[in-house]
Amino acid sequence: MRIAVLTGGGDVPGLNPAIKAIVNRALDNGYDVLGIRRGWRGLVQINPDDDSTRSWVFPLTKETVRRVDRSGGTFLHTSRTNPANMKPDEIPAFANVPLKPEAKTHDITPHILRVIETLGIDCLIPIGGDDTLSYGERLAREGVRVIAIPKTMDNDVYGTDYCIGFSTAVTRSVEFIHALRTSAGSHERIAVIELFGRNSGETSLIAAYLAGVDRALISEVPFDIHKLARLVLEDKHQNPSNYAMITVSEGAHPLEGQVIEGGKEDAFGHRKLGGVGQSVGDALKELTGQNIIYQQLAYLMRSGAPDSLDLMVAANFAHVALSLIERGESGRLVCLQRGVYSDVPLSTVAQGKKRVNVPELYDTDCYRPRVRHVLGMPMFLT
């Protein structure tokens, strides 16, 4: 049995512990384990007929992974490559895939299948978000044996209550929010803290809930900036230290407005988000006459070593994946559902969108978390 592991999309704390647990158990089973560099791009760049390109893949040993769980990120590196949607200048000449002159992008899956066969990979374990896993599901439909592990700090992979990286991202956010209270209070300002969260506002919601933030803007609910200004001004005046705090998902947008995006689309059709917090801060300053602190947490949320929960979930997801391989399963997504480790068909990731349960968890009139009915809810209120 030869297993290959890759990580795709954005990095999160917990990837390295997951890889370590996969390698240790697989080797104990007598399997070979390969690490694929830079996600799906690693398979794109391998020429089945040229051994010199094999630097994109390397054997994983217990010594290789001995200390990796102590740090964040992924030592395999990552990319946002989608072999089903490649631009002509991204496709290596040796891919030997017919290209249509009129097409702007091309599907080079036949090349990927040939590489997998040449490398002798019996089972592939992609660790990623819905974009990375959607291509894993494509390979599963092509007959490749795939067992997938969900990771994303946004916690928005459909089919699982939890994704590797989410707990650390929330923990970091709460710590930085509390740290910013000293400056916001000292200068008697309104602090606007922008958090990652493209389509799901769960990081903004949960961080605001746990840190006791005054208002939270989330991706799912458009906001009225004039109403927000009135509410935040009231919050500031009611605070004995005369300051207020707001969290904002990067995917949040005003009524009659658009999500702030920039740059070119990536291989999965996404443009880079960011800047809505600055826009909200500028508008609040104009409407309230108050000075603003704007802080974009961004990559600080996903940097550094994982917290204990992400260490545990990463290792346990790895063990579930190996259990599925030992049972001969394929086309499965490791998951947590209602607090129990389980698995679902990998095709589940494309069957819906995982978003904040707004009626249960959010006050749309006051722009703040409203958590009341916790009995029977999963730990992370998804």
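Residues numbered from 1 in each chain as written. Predicted model: local features only at pLDDT ≥ 70, side-chain atom pairs only at ≥ 80, totals over all residues. Heavy atoms only, no water.

J.: For the sheet that holds strand β5 (residues 147-150), give the residues involved together with the corresponding values.
T.: Pairing is mixed across the open sheet formed by 7 strands, whose spatial order is β3-β2-β1-β4-β5-β12-β13. Looking at which strands have only one partner, the edges of the open sheet turn out to be β3 (57-59) and β13 (340-345). Geometrically, the sheet is characterised by an average inter-axis angle of 25 degrees between neighbouring strands, direction not taken into account. Examined bridge by bridge, β5 and strand β12 (residues 332-337) share 2 bridges and lie parallel to one another. By the bridge assignment for β12, I147 is matched with R332. Its contacts with the sheet place helix α9 (residues 308-326) against β1 (2-7), β4 (123-128), β5, β12 and β13, and it is angled at close to 135 degrees to β12. (Pairing = 2+ DSSP bridges. Helix = DSSP H or I, 4+ residues; strand = E, 2+ residues; numbered from the N terminus. Axes fitted to C-alpha atoms, helices over the stretch in contact; angles between N-to-C directions. Contact = heavy atoms within 4.5 Å.)

J.: Give a detailed account of helix α3 (residues 109-119), specifying residues and quantitative values.
T.: Regarding α3, the residues found buried are T109, H111, I112, V115, I116 and L119. Buried residues along α3 cover an arc of 155 degrees about the axis, so they all sit on one side. In α3, the exposed positions angled more than 90 degrees off the buried face are occupied by P110 and E117. Looking at the buried residues of α3, the elements they touch are β1, β2 (32-36), α2 (40-44), β3, β4 and α4 (130-141). (Buried < 20%, exposed > 50% of the residue type's maximum accessible area, 1.4 Å probe, protein only. Arc of directions from axis to C-beta.)

J.: Please set out the pairing of strand β6 (residues 190-195) residue by residue, giving values where relevant.
T.: With 6 of 6 residues buried, β6 is to be regarded as a mostly interior element. Covered by surrounding structure in β6 are I190, V192 and E194 together with A191, I193 and L195, the residues of both alternating faces. Sheet topology note: the β6/strand β8 (residues 244-249) ladder contains 6 bridges and is parallel. Its bridge partner lying in β8, A191 is registered against M245. Pairing of β6 with strand β11 (residues 292-296), which is carried by 5 bridges, proceeds in the parallel orientation.

J.: Hey, could you go over the packing of helix α7 (residues 225-238) against helix α8 (residues 276-288) for me, with residue numbers and the actual values?
T.: In the contact formed by α7 and α8, the axes pass within 10 Å of each other and the chain directions differ by 70 degrees. Here α8 runs roughly perpendicular to α7, going by the angle between their axes. As α7 packs across α8, the resulting crossing turns out to be right-handed. Of the residues in α8, those touching α7 at I225, H226, L228, A229 and L233 are V280, A283, L284, L287 and T288. Here the contact of α7 with α8 is composed, by residue class, of 8 nonpolar, 2 polar and no charged. (Parallel < 35°, antiparallel > 145°, perpendicular 65-115°, else oblique. Left-handed = near helix turned anticlockwise from the far one by under 90°. Nonpolar A, V, L, I, M, F, W, Y, C, P; charged D, E, K, R; others polar.)

J.: For the sheet that holds β11, give the residues involved together with the corresponding values.
T.: If you walk across this open sheet you meet the 4 strands as β7-β8-β6-β11, and the pairing is parallel. Lying at the two open borders of the sheet, with one neighbouring strand each, are β7 (215-217) and β11. Between one strand axis and the next, the sheet turns through 15 degrees on average, direction left out of account. The sheet strands contacting α7 are β6, β7 and β8, and the helix crosses β7 at an angle near 150 degrees. Contacts between α8 and the sheet are confined to β6, β7, β8 and β11, with β6 contributing the most and set at about 160 degrees to the helix.

J.: Break down the packing of aromatic side chains for me, citing the residues and quoting the values.
T.: Applying the stated criterion across every chain yields a total of 4 aromatic pairs. Relative to Y135, the ring of W40 lies with its centre 5.0 Å away and its plane at 75 degrees, an arrangement referred to as edge-to-face. With W40 in helix α2 and Y135 in helix α4, the pair connects residues that are 95 residues apart, well separated along the chain. With relative accessibility at 1%, the residue W40 sits in the buried group. (Phe/Tyr/Trp six-rings, centres within 6.5 Å; stacked < 30°, edge-to-face > 60°.)

J.: Help me get a handle on the nonpolar core, residues and values and all.
T.: V5, I125, I127, I149, L217, V280 and L284 are the most contacted members of the largest nonpolar core, which totals 88 residues. Beyond its immediate stretch of four places on either side in the chain, I125 contacts I3, A4, V5, L6, I22, I147, I149, L322 and I325. In terms of nonpolar packing, the next biggest core, distinct from the first, is built from 34 residues, L34, A95, V146 and L346 among them. (Core = buried A, V, L, I, M, F, W, Y, C linked by side-chain atoms within 4.5 Å.)

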